[in-house]
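Analysis of the macromolecular model
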Amino acid sequence: MQKHIISALVANKPGVLARVSGLFSARGFNIESLAVGETENPELSRMTIVVGGDETILEQVRKQLDKLIDTVKVQDFSNISHVERDLALVRVHSPVSRRSEVLELVQIFRARIVDVGHSEVMVELAGTEEKIEAFLDLVRPYGIREMARTGRIALGRSVNR
Amino acid sequence: MGKIGAEILIDALREQGVEHIFGLPGGAVITLYDKLYDSPLKTILARHEQGAGHMADGYARATGKVGVCVATSGPGATNLVTAIATAYMDSVPMLAITGQVKTNLIGNDAFQEADVTGITRPATKHNYLVRDVKELGRIVREAFYIASTGRPGPVLIDLPADVAAAETDEVDTALQLPGYKPTSGQGHARQIRKAAEAINNARRPVLYVGGGVIISGCHEGVRELARKGSIPITTTLMGLGSFPETDDLSLGMLGMHGTVYANYAVTHSDVLVAIGARFDDRITGKVDEFAPEAKIVHVDVDPTSIGKNVSVDIPVVGDAKKTLEELNQLIETRERGEWLQRIRQWKEEFPLTYDRNADVIKPQAVLEAIDRATEGKAIIATDVGQCQMWAAQYYRYSRPRTFLSSGGLGTMGFGLPAGIGAQFGCPDQTVFVVAGDGSLQMNIQEMATAVVNELPIKIALLNNGYLGMVRQWQELFFDRRYSHTYLAEGNPDFVKLAEAFGARGIRVEHPDRVQPAVEEAMRITDGPVLLDFHTDPEENVFPMVPVGQAIDRMISGMA
Ligand SMILES: Cc1ncc(C[n+]2csc(CCOP(=O)(O)OP(=O)(O)O)c2C)c(N)n1
Ligand SMILES: [Mg+2]
């Protein structure tokens, strides 16, 4: 199954998120991640949605999103040069005896330690999904106690303009 | 001097040309009703909000204008939901106004509070919760614009009681719809050229037209296309009336209960031109075997309809009317004698038919009698079930906006209130409601609305004593196990019931009495009349394509 990053500029109003998520659930489209935030224009938010499905499904998703009255613009980044990022906060089990190993990984991935406890550290890591997955793979043996991720956000590169 | 919300709302409605409002009051809309009391708008009191909703819907379908309905908060609004969903599925322009609890109580589970914008979100084209009286004028304008443009649909405005009563002298009216760009022009010129080429080169073309043709008002264009190219034409349930069924080129309806010849023609076509239709599963049957030999041209105003259910060779996104104006100029005159001959043979071999010599009343005969008495020119509002299908098959529609039926949602109880709404919108036309005994009981309370307003609507009740369509499926596919579909033992005496409401009632039990009874009803012009036709309880709708079968595999009668 192919994954697509869809970016929708929508009115920054109550109820819009419910409209978008309702559309996905009503039509049986599967959302992998969804991130919402303000844009340079306070009246608009950008929703970055990662969906799986074949071309036909994607075509429907795009058209249905576009049809919502509150949607100003919909872009599919699949064929557009873009930058994408995901942010993860991870609490990694790391007793003092093994902490240096964890810190080394943190350095290699250019992640940051944002909180320290007796037997664990909290790591903040931003990057592409692959980078985050790779990091998680490596720290998993130490024990991931808790994790939060933002889901992907993306913007088209200036070459597209 | 400022105005209060209710006055702003009424002014905005009048500015949009509204003349009729269908509704039922309650606490959350009492201020609005107070202002309606001496406004020039004609406010019609329904006896149930669902009735009010279908009235607005029938009004809109018959006139092409936006229908307006009102309900109070909570249960009033939830009662409207079925009517809103019905309008949504059939792309009917409608404005539903619901009262809401005061803004400071929203979210508190207050008395008669319901999350109405939440509940109706998937069943409206758009909806609003008004938080500030200053926005109200703009919201009403936006609502009308959204409801009536592009692919039309219902829009709901949820109006808290305090906002309706709040005073302001600032009314902002400029639309703020940066994200709404309805398709309004013709399709892409290159696509239109491709479509014309495909049609001109076709040997066995078929036009398949749906409700979009009626909505865009392009029936003339469709007629021109069909006649110029000698192209046989079939309509969906929603498309009935877009082409005169008395014409040689007419194939009648296609799909599950379509004619054999329409389904054969589609199956054997080499180019299928869909206009304002959406390849619904009741039309296509088994999708893989639908029009297997055809190149498919699809003209539709809604991009999401194209390529949703079947893959399309030549998509044309555009308003059907403007697109046809362009397309017709490129269509070459053709005879297509061989193809039309083949269709003529199918028509002779497999006509729509029933037992005309039976000694019980056949429901089909009732429709034919109405057709004769009204010369195919009445507005027919139907319920759902067998009665709906017979109304589609045996009345020969010739004008758009004369067949009013819940196609997409299939809402029982639609007929009577929709007929009432249509009669308000078209006071000079004859309106017949073709009702089922099950369906009629779902909104029978609206008899009162018809009586009080002295509407000369005629209700032809096809009283078969069953939830007939379900019984038919049970007969065909469930071994005649008639589980919970028998109505006769509990049915009221419909004639007495009509009389109890103050309407006329005529019982008809013999085939010879069918035509005279219809004629008699035609002479009653000062109020509603109910014709209680006791029809053959086990008559079935044929032909029939079983669910999931290819549409050329029809059952044409009981073995
Ligand atoms: C509100 C609603 N409930 C249930 C159904 C399912 N249904 C479809 S047709 C039908 C029978 C309708 O009976 P009646 O109105 O007597 O019409 P008939 O088929 O007998 O002509 C039923 C129950 C429906 N379409 N709508
Ligand atoms: Mg019945």
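One numbering rule holds for all chains: residues counted from 1, following each sequence as written. Throughout, the order in which chains and ligands are written sets their labels, letters from A for the former and numbers from 1 for the latter. In keeping with the predicted nature of the model, local features appear solely for residues at pLDDT of at least 70, side-chain atom pairs appear and are counted solely at 80 or more, and the whole-chain, interface and lining totals rest on all residues. Side-chain measures here rest on the full set of heavy atoms in the structure, leaving out hydrogens and waters.

A word on a nonpolar patch on the surface. Where nonpolar side chains cluster on the molecular surface, the patch consists of A:L103, A:I113 and A:V116 and spans about 220 Å² of accessible area. A:V116 sits in the exposed class, given a relative accessible area of 52%. Patches here: salt-bridge-free residues with over 30% relative accessible area, like charges joined within 9 Å, nonpolar side chains (Val, Leu, Ile, Met, Phe, Trp, Tyr) joined within 5 Å. Computed with a 1.4 Å probe, the accessible areas rest on the Shrake-Rupley method; for each residue, only the protein chains presented here act as cover. Only one rule defines a salt bridge in this text: a Lys or Arg side-chain nitrogen within 4 Å of an Asp or Glu carboxyl oxygen. Accessibility here uses a 1.4 Å probe with only protein chains present; expressed as a share of the type maximum, an area under 20% marks a residue as buried, one over 50% as exposed, and anything in between as partly exposed.

Residues and elements named next belong to chain B. All of the protein donors around the magnesium ion (ligand 2) are D437 (OD), N464 (OD1) and Y466 (O); their distances to the metal are 2.0 to 2.2 Å. Look at where the donors of the magnesium ion (ligand 2) fall in the sequence and you get D-x26-N-x1-Y. Of the two residues, D437 is situated in helix 18 (residues 437–440) and Y466 in the loop between strand 18 (458–463) and helix 20 (468–477); the sequence distance between them amounts to 29 residues. You'll find D437 and Y466 in the same group, each marked buried. Metal donors were taken as nitrogen, oxygen and sulfur atoms no farther than 2.8 Å from the ion, or 3.2 Å where the ion is Na, K or Ca. Water is excluded, so coordination may look unfinished. Helix numbering and strand numbering both begin at the N terminus, where a helix is a DSSP run of H or I of at least 4 residues and a strand a DSSP run of E of at least 2.

Bringing the interface of chain A and chain B into the picture now. Contacts between chain A and chain B engage 14 residues on the former and 18 residues on the latter. Summing the contributions of chain A and of chain B, the shared interface buries around 1300 Å²; its carbon and sulfur component is 52%. The tally of links from chain A across to chain B stands at one salt bridge. The salt bridge partner of B:D302 is A:K67, with a shortest N-O separation of 2.7 Å. Polar contacts, as used here, are pairs of N or O atoms within 3.5 Å; protein pairs need one atom able to donate a hydrogen and one able to accept it. Residues neighboring in sequence count only if both atoms are side-chain atoms. If you look at where chain A meets chain B, you find seven residue pairs in polar contact (both at pLDDT 80 or more). Broken down by element, the side of chain A that touches chain B gets its largest block of residues, five residues, from helix 2 (residues 55–67) of chain A. Residues that form the side of chain A that touches chain B fall into these classes: five nonpolar, five polar and four charged. By the convention used here, residues are in contact when the closest approach between their heavy atoms is within 4.5 Å. In this description, buried area is defined as the sum, over both parts, of the accessible area (probe of 1.4 Å) that is lost when the two are combined. Ten residues, namely Ala, Val, Leu, Ile, Met, Phe, Trp, Tyr, Cys and Pro, are considered nonpolar, four, namely Asp, Glu, Lys and Arg, are considered charged, and the remaining ones, Gly among them, are considered polar.

Here we take up the side chain of A:S33. All names here are of chain A. Within the secondary structure, S33 is located in strand 2 (residues 31–38). Among the residues examined, S33 registers a relative accessible area of 17% and is labelled buried. For S33, the side chain forms a polar contact with the main-chain nitrogen of R152, separated by 3.4 Å. Setting aside residues up to four positions removed in sequence, S33 forms contacts with T48, I49, V50, G151 and R152.

Turning to helix 3 (residues 96–108) of chain A, a few remarks are in order. Along its 13 residues, helix 3 of chain A runs 19 Å from first to last C-alpha, staying within 8% of the 18 Å computed at 1.5 Å per residue. The elements touched by buried residues of helix 3 of chain A are strand 5 (82–93), strand 6 (112–116), strand 7 (120–127) and helix 4 (129–139) of chain A. In a helix, the anticipated span is given by 1.5 Å times the number of residues less one.

All names here are of chain B. Running from N to C, helix 3 (residues 49–63) and helix 4 (residues 75–89) point in directions that differ by 30 degrees, and their axes come no closer than 7 Å. By the criterion of interaxial angle, the relationship of helix 3 to helix 4 is roughly parallel. The two elements helix 3 and helix 4 cross, and the hand of that crossing is right-handed. Of helix 4, the residues touching helix 3 (which contributes E49, Q50, G53, H54, D57 and R61) are G76, N79, L80, T82, A83, T86 and A87. Classifying every residue of the contact of helix 3 with helix 4 by side-chain character gives three nonpolar, seven polar and three charged. A fitted line through C-alpha atoms serves as each axis, taken over the contacting stretch for helices, and the angle formed by two N-to-C directions is quoted from 0 to 180°. Each angle receives one of four descriptions, namely roughly parallel if under 35 degrees, roughly antiparallel if over 145, roughly perpendicular if within 65 to 115, and oblique otherwise. Should the near helix be turned anticlockwise from the far one by less than a right angle, the crossing is termed left-handed; should it be turned clockwise, right-handed.

In this fold, B:V317 is placed in strand 14 (residues 314–317). Those residues within four positions of B:V317 in sequence are excluded, and the remaining contacts are B:T183, B:Q186, B:G187, B:H188, B:D300, B:V301, B:P303 and B:I306.

Residues and elements named next belong to chain B. One requirement defines pairing of two strands: DSSP has to find at least two bridges between them. Spatially, six strands are ordered 11-10-9-12-13-14 in an open sheet, and the strand pairing comes out parallel. Unpaired on one side and paired on the other, strand 11 (250–253) and strand 14 mark the two borders of the sheet. The average undirected angle you get between the axes of adjacent strands in this sheet is 15 degrees. Of the strand pairs in this sheet, strand 13 (residues 295–300) and strand 14 are connected by four bridges, and their pairing is parallel. Its bridge partner being in strand 14, V297 is matched across the sheet by I314. Its contacts with the sheet place helix 10 (residues 219–229) against strand 9 (205–209), strand 10 (233–235) and strand 12 (271–275), and it is angled at close to 170 degrees to strand 9.

Residues and elements named next belong to chain B. Any Phe, Tyr or Trp ring, taking Trp's six-membered ring, that has another such ring centre within 6.5 Å forms a pair; planes under 30 degrees apart are called stacked, those over 60 apart edge-to-face, and the others tilted. For the structure on display, the rule yields 17 aromatic pairs over all chains. Pairing Y397 with F403 gives two aromatic rings, centres 5.1 Å apart and planes at 70 degrees, and the pair type is edge-to-face. On the accessibility criterion, F403 (8% relative accessible area) is buried. In textbook terms, an aromatic cluster arises when at least three aromatic residues are bridged by ring pairs, as seen for Y264, W339, W346 and F350. Above the face of the Y466 ring, R471 is positioned so that its terminal group lies 5.4 Å from the ring centre. Remark: a charge is flagged as sitting over a ring if the NZ atom of Lys or the CZ atom of Arg is within 6 Å of the ring centre and within 35 degrees of the ring normal.

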